[in-house]
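Secondary and tertiary structure notes
Read off the chains here:
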Amino acid sequence: MLPGDGVGPELMHSVKEVFKAGGVPVVFDEHHLSEVQNTASEEKLDRVVDSMKESKVALIGKIHTPMEMSHKGDLASYDMRLRDRLGWPCHHRCPLLSPQSVKGVIECLKIVTRAKSQRIAKFAFDYATKKGRAKVTAVHKANIMKLGDGLFLQCCREVAELYPKIKFDTIIIDNCCMQLVQNPYQFDVLVMPNLYGNIVDNLAAGLVGGAGVVPGESYSAEYAVFELGARHPFAQAVGRNIANPTAMLLSASNMLKHLNLDYHSNMISDAVKKVIKGGKVRTADMGGYSTSMDFTQAVIDALEVH
């Protein structure tokens, strides 16, 4: 467990309370890695990676990158280094390389590789096959970025030929965002480069209730990491007991399912859904006045432990 920054520690507390009440047979190896709170170091990063190598699974909050690092375009943030060391299939970052060749002019170089484009495309089709989904849509900007996104699109098409039972189509990122708002039902599985994914997952989260309700997952060949779908630290809510625990609880539920603890996974997700459907206990982002702990306690009360 990496609580991360912002409201991450508070949300993780909710998870631990619900796990305790539900008798979930999971013991967390908890690590604190934060550049904002000056608790990040190479030694701590190594310990996190070693722990991941042992367990192969983690539940994490948002590890926030300090603003001064973001403004410099520095890629050495601990969040990105952790993801790179775990081999998560994000095949480009933006900014990636941003040299200032002339004062007042910045070049932003985007790197796309065939190997990692094929890898993430194969993951999308494998996921669709495993989950019984009917269609994979590749999201791109190849009309403008003809070589970079063109390579990504070509790799998706090549991989699609290996899965004849799954329909494949493509859509430009601009239109994808509009279609998600106007007619999201046309989509099934979306595969896209990392930058577009950051935009689309936040858009999708906003359509169904916001960052507080959508769980997320990240996979590599060896590791599975469960986190908020819209990765936002919600720093303005820290210490105010107002953050919505739903997304983190559902992420934790998905983690349990990944660990083949289906009974406990369903018990927690069913309790969360029961509280939401009841409508009596809602945090501010859901139009209510309940606190984070009110919601957590309501979920605990709704657990059906056998």
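Now for a look at the structure at hand. Being a predicted model, the structure only gives us computed values, none of them experimental.

Definitions and limits used
- Residues numbered from 1 in each chain as written.
- Predicted model: local features only at pLDDT ≥ 70, side-chain atom pairs only at ≥ 80, totals over all residues.
- Heavy atoms only, no water.
- Helix = DSSP H or I, 4+ residues; strand = E, 2+ residues; numbered from the N terminus.
- Buried < 20%, exposed > 50% of the residue type's maximum accessible area, 1.4 Å probe, protein only.
- Contact = heavy atoms within 4.5 Å.
- Pairing = 2+ DSSP bridges.
- Axes fitted to C-alpha atoms, helices over the stretch in contact; angles between N-to-C directions.
- Left-handed = near helix turned anticlockwise from the far one by under 90°.
- Nonpolar A, V, L, I, M, F, W, Y, C, P; charged D, E, K, R; others polar.
- Patch = residues over 30% accessible without salt bridge, like charges linked within 9 Å, V, L, I, M, F, W, Y side chains within 5 Å.
- Areas by Shrake-Rupley, 256 points an atom, 1.4 Å probe, with all protein chains shown as cover.
- Salt bridge = Lys/Arg side-chain N within 4 Å of Asp/Glu carboxyl O.
- Lys, Arg positive; Asp, Glu negative; His and termini not counted.
- Charge placed at Lys NZ, Arg CZ, Asp CG, Glu CD.
- Core = buried A, V, L, I, M, F, W, Y, C linked by side-chain atoms within 4.5 Å.

Here the focus is the environment of leucine 11. As for its position among the elements, leucine 11 is in helix 1 (residues 8–22). For leucine 11, a relative accessible area of 5% gives the class buried. As for leucine 11 and asparagine 183, which are separated by 172 residues in sequence, their C-alpha atoms are 32 Å apart. The residues touching leucine 11, leaving out its near neighbours within four places in the chain, are Leu228, Ala243, Asn244, Pro245 and Met248.

Right, let's get into the sheet that holds strand 1 (residues 57–59). Pairing in this open sheet of 3 strands is mixed, and the strands run 1-6-5 from one edge to the other. Two strands close off the open sheet at either side, each with one partner strand: strand 1 and strand 5 (215–219). Each strand of the sheet is rotated relative to its neighbour by a mean of 20 degrees, with strand direction disregarded. Pairing analysis gives 3 bridges linking strand 1 to strand 6 (residues 224–228), with the strands arranged parallel. Across the sheet, alanine 58 pairs through a bridge with valine 225, a residue of strand 6.

The two faces of the sheet receive side chains in turn, since in a regular strand these alternate between them. Side-chain alternation along strand 5 places Gly216 and Ser218 on a buried face and Pro215, Glu217 and Tyr219 on a face that remains uncovered. Looking at chain direction, strand 5 and strand 6 are connected through 5 bridges and run antiparallel. The partner of serine 218 across the bridge, within strand 6, is valine 225. Between strand 5 and strand 6, which pair antiparallel and follow one another directly, the connecting turn spans 4 residues.

Remark: helix 2 (residues 42–55) packs on helix 4 (residues 78–86), axes separated minimally by 11 Å, with the N-to-C direction vectors making an angle of 35 degrees. Crossing of helix 2 over helix 4 shows right-handed handedness. Of helix 4, the residues touching helix 2 (which contributes Glu42, Leu45, Asp46, Val48, Val49 and Met52) are Tyr78, Arg81, Leu82, Arg85 and Leu86. Looking at the contact of helix 2 with helix 4 residue by residue, the classes come out as 7 nonpolar, no polar and 4 charged.

This part covers a positive patch on the surface. On the surface, Lys130, Lys131, Lys257, Lys273 and Lys277 cluster together to form a positively charged patch. Taken together, the elements giving at least two residues each to the positive patch come down to helix 5 (114–131) and helix 10 (262–278). Within the secondary structure, lysine 130 is located in helix 5. A relative accessible area of 70% places lysine 130 in the exposed class.

This part is about the nonpolar core. One finds Phe19, Leu59, Ile268 and Val299 to be the most contacted residues of the largest nonpolar core, which totals 33 residues. Taken together, the elements giving at least two residues each to this core come down to helix 1, strand 1, strand 6, helix 9 (246–258), helix 10 and helix 11 (292–302). With 7 residues, helix 9 is the single largest residue contributor to this core. With residues near it in sequence (within four places) discarded, isoleucine 268 still touches Val18, Phe19, Val24, Leu249, Ser253, Leu256 and Leu303.

None of this, on its own, says anything about what the molecule does.
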